[in-house]
Amino acid sequence: MGSFAQPGHGKFGDVTEQSGFASAPGKGMGISIADFNDDGLSDVFIANDTEANFLFLSKGKGTFEEAALPLGVAYDDNGKGVSSMGGSRRRRPVRFVQLMTPLRTA
């Protein structure tokens, strides 16, 4: 996953390393941006199919720290899509991960 910033004049620069996103490569099957830890900054949750999911908590100024494992959201049952609802400073966002499980026939 790459991260780009626009310093101006219609150009973009790769800030993947500086932002902290380079520390956790994955499939990136779904993404949700919300303030998951109620600190007033936008965080990024990424569902990664059969690999560990990522939760990048914003540290401000365009930098992030991956915290999915210690917060218990790294593993589910093969999540592919993700969305969130809510998200004001009074209501924490609710995260939904779509699980892809095989159909079972009788």
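Right above here is the structure, for reference.
In short, a report on the structure. (Residues numbered from 1 in each chain as written. Predicted model: local features only at pLDDT ≥ 70, side-chain atom pairs only at ≥ 80, totals over all residues. Heavy atoms only, no water.)

Attention now goes to the overall build of the protein. Of regular secondary structure, the protein possesses one helix and eight strands. Reading the secondary structure of the protein in the N-to-C direction produces β-β-α-β-β-β-β-β-β. Here the protein, with 106 residues, has 32% of them falling under the buried criterion. Restricting to contacts in the protein with at least 6 residues of sequence separation, those with at least 24 account for 29%. (Helix = DSSP H or I, 4+ residues; strand = E, 2+ residues; numbered from the N terminus. Buried < 20%, exposed > 50% of the residue type's maximum accessible area, 1.4 Å probe, protein only. Contact = heavy atoms within 4.5 Å.)

The next subject is the pairing of strand β6 (residues 63-66). Pairing of strand β5 (residues 54-60) with β6 involves four bridges; the strand directions are antiparallel. Paired with L57 across the bridge in β6 is E65. The hairpin turn running from β5 into β6, its antiparallel successor, is two residues long, and K61 in that turn takes a positive phi close to 55°. (Pairing = 2+ DSSP bridges.)

A separate point is the side chain of D43. Take D43: it is sitting in strand β4 (residues 43-47). With relative accessibility at 0%, the residue D43 sits in the buried group. Leaving out residues up to four positions away in the same chain, D43 has contacts with S32, I33, A34, D35, F36, N37, F56, L57, S58 and F64.

Buried together is how nonpolar side chains tend to be arranged in soluble globular proteins. Within the largest apolar cluster, ten residues are counted, these being A34, F36, F45, A47, L55, L57, A67, A68, V73 and A74. Of all elements in the fold, only β4 and β5 reach the threshold of two or more residues within this core. By size, the runner-up hydrophobic cluster in this structure holds seven residues, among which are F21, A24, F56 and F64. (Core = buried A, V, L, I, M, F, W, Y, C linked by side-chain atoms within 4.5 Å.)

Moving on to the environment of Q18. Along the chain, Q18 turns up in helix α1 (residues 16-19). Separated by 46 residues in the primary sequence, Q18 and F64 have C-alpha atoms spaced 8.9 Å apart.

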